Amino acid sequence: MNRLEAVIEKEKEVSYSQRDKDVFSSHLLILIHQEEESKRFHRKLWLGLFLGIGIMSFSFSAINEIVNDFAVGLSNVMAGDLTTVATLSYGLSFVLLTLLKKTDFIFN
Amino acid sequence: METDEVLVKRTLGGETDCYGVLAQRHADYLFGLGMRLTAGNRDFAEDISQQSFLRAYKYLKSFNTKKKFRQWLTGIAVNCYKDLSHKENRYLSLEATDEPSYTPDFGGNTGFYELIRPLTEEERTIFTLRYVYEYRIDEIAETVGLKSGTVKSRMSRALEKLR
C-alpha cells in the first residue's frame, strides 16, 4: 500500500501542459465555426428541399388542372365540330413548322 | 478575470471567442486527465482533450451554471475516453502492445502509468478521479454516471488488482 501511495503522491506532483495552447484553442474555434457553418448549410439545404418540394407539388397540381381543363375543352370541341378541330390542328402544325424553319429569326 | 460561468453565458450569448478563453483555461487539466487515463498516451490524451471541448461546446446549453464547469467537463472527458477507446483501434493497439521496448509517451510519472495499466477503463477512471484528483465518491458517481455503491465496489476491485 505504501508503494501505491508513493506512486500516487508522485503523480499528484506532476503537472501536465497542453502543447501550444493558443494554437489548440484557435484550432478548436475553427472546428466549431466549421461545424456551425455545416449545420447552417444543412438547415438551408433541408429548408430549400422542403420549399422546392412544396412549390413543385403545388405547380404540378396547377399544371394538372390546366391540362385537365384543356383536355375537357378539346374533347368538347371535338365532340362539337370536327372541321374546326382539324383546321386548328393543321393551323398549329403549320405555324410550328414555319417557326422551326426560321430558327435564325427566333434565336438571333 | 471572468469566471467559467460568465464565460459560458457569454459563449451562449453568441461570443464564441469566450469559449477559446475557457478552452485555454482548462486545456492543461483535460490534457493531464487524458494522460492519466490513457497511461501516458499523448496522442490519445490530446484527442480526448479536443473531443471533450468540442462535445462540451455542443452541449453547452445543458450545463447547469450552479455546478462547477470543470467537473462537468470531466464527465464529458470520461465519456470521450470511453468512446474513443472503443472506436479507435489505433489507441488500443498501442496500449495493448507487449513489446518490451514500448514505453508510454513523454514526460509524466511512468510509475503511475505502469500502475494503472492492469485496470479496465472504468476502474482507471474511478481510481484516478478518487486518488489523484481527490473527488468524493458522490462526485465520481455523478461524473461517471454510476451509483455511489457501484463506484465503491469498482474502486475496491481496482485496489485489489493493484495490491
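Residues numbered from 1 in each chain as written. Chains lettered and ligands numbered in written order. Predicted model: local features only at pLDDT ≥ 70, side-chain atom pairs only at ≥ 80, totals over all residues.

1. Looking at the confidence of the model for chain B
Part 1 of the argument: When pLDDT is averaged along chain B, the result is 87; 87% of the residues meet or exceed 70.
Part 2 of the argument: Segment residues 96-106 of chain B is flagged for pLDDT under 50; beyond a separation of four residues in sequence, or across chains, it makes 11 contacts in the model. (pLDDT = per-residue confidence, 0-100. Contact = placed C-beta atoms within 7 Å.)

2. Quick notes on the domain arrangement of chain B
All names here are of chain B.
Part 1 of the argument: Once the domains are mapped, chain B shows domain 1 (4-105) and domain 2 (118-163).
Part 2 of the argument: The partner domain 2 presents eight residues to the nine residues of domain 1 that form the contact.
Part 3 of the argument: The leading source of residues in the side of domain 1 that touches domain 2 is helix H4 (residues 69-87), at seven residues.
Part 4 of the argument: A per-class count over the side of domain 1 that touches domain 2 returns three nonpolar, four polar and two charged. (Domains from an automatic or database assignment. Helix = DSSP H or I, 4+ residues; strand = E, 2+ residues; numbered from the N terminus. Nonpolar A, V, L, I, M, F, W, Y, C, P; charged D, E, K, R; others polar.)

3. Points about the interface of chain A and chain B
Part 1 of the argument: Each side of the interface is counted separately: chain A has 17 residues, and chain B has 24 residues.
Part 2 of the argument: For the side of chain A that touches chain B, the secondary-structure elements that each account for two or more residues are helix H1 (2-13) and helix H2 (21-80) of chain A.
Part 3 of the argument: The biggest single contributor to the side of chain A that touches chain B is H2 of chain A, with seven residues.
Part 4 of the argument: Its residues placed into classes, the side of chain A that touches chain B shows 10 nonpolar, three polar and four charged.

4. Considering the packing of helix H2 (residues 17-37) of chain B against helix H3 (residues 42-58) of chain B
All names here are of chain B.
Part 1 of the argument: Running from N to C, H2 and H3 cross one another at 140°; their axes reach a closest spacing of 9 Å. One finds that H2 runs oblique with respect to H3. By crossing handedness, the relation of H2 to H3 is classed as right-handed. Along the contact surface, H2 presents Tyr19, Ala23, Ala27, Leu30, Phe31, Gly34 and Met35, while H3 presents Arg42, Phe44, Ala45, Glu46, Ile48, Ser49, Ser52, Phe53 and Tyr57.
Part 2 of the argument: When its residues are assigned to classes, the contact of H2 with H3 shows 11 nonpolar, three polar and two charged. (Axes fitted to C-alpha atoms, helices over the stretch in contact; angles between N-to-C directions. Parallel < 35°, antiparallel > 145°, perpendicular 65-115°, else oblique. Left-handed = near helix turned anticlockwise from the far one by under 90°.)

5. Here we look at unusual backbone geometry
Part 1 of the argument: Within the chain, aspartate 20 of chain A stands out as a residue other than glycine whose phi angle is a positive 40°.
Part 2 of the argument: Note on placement: aspartate 20 of chain A falls in the loop between H1 and H2.
Part 3 of the argument: Classification of aspartate 20 of chain A as exposed rests on a count of 11 C-beta atoms within 10 Å.
Part 4 of the argument: The backbone of glutamate 134 of chain B sits at a positive phi, close to 55°, despite the residue not being glycine.
Part 5 of the argument: Within the element layout of this structure, glutamate 134 of chain B appears in the loop between helix H7 (121-132) and helix H8 (137-144).
Part 6 of the argument: Using a count of 9 C-beta atoms within 10 Å as the deciding quantity, one classes glutamate 134 of chain B as exposed. (Buried ≥ 20, exposed ≤ 12 C-beta atoms within 10 Å, placed from the backbone.)

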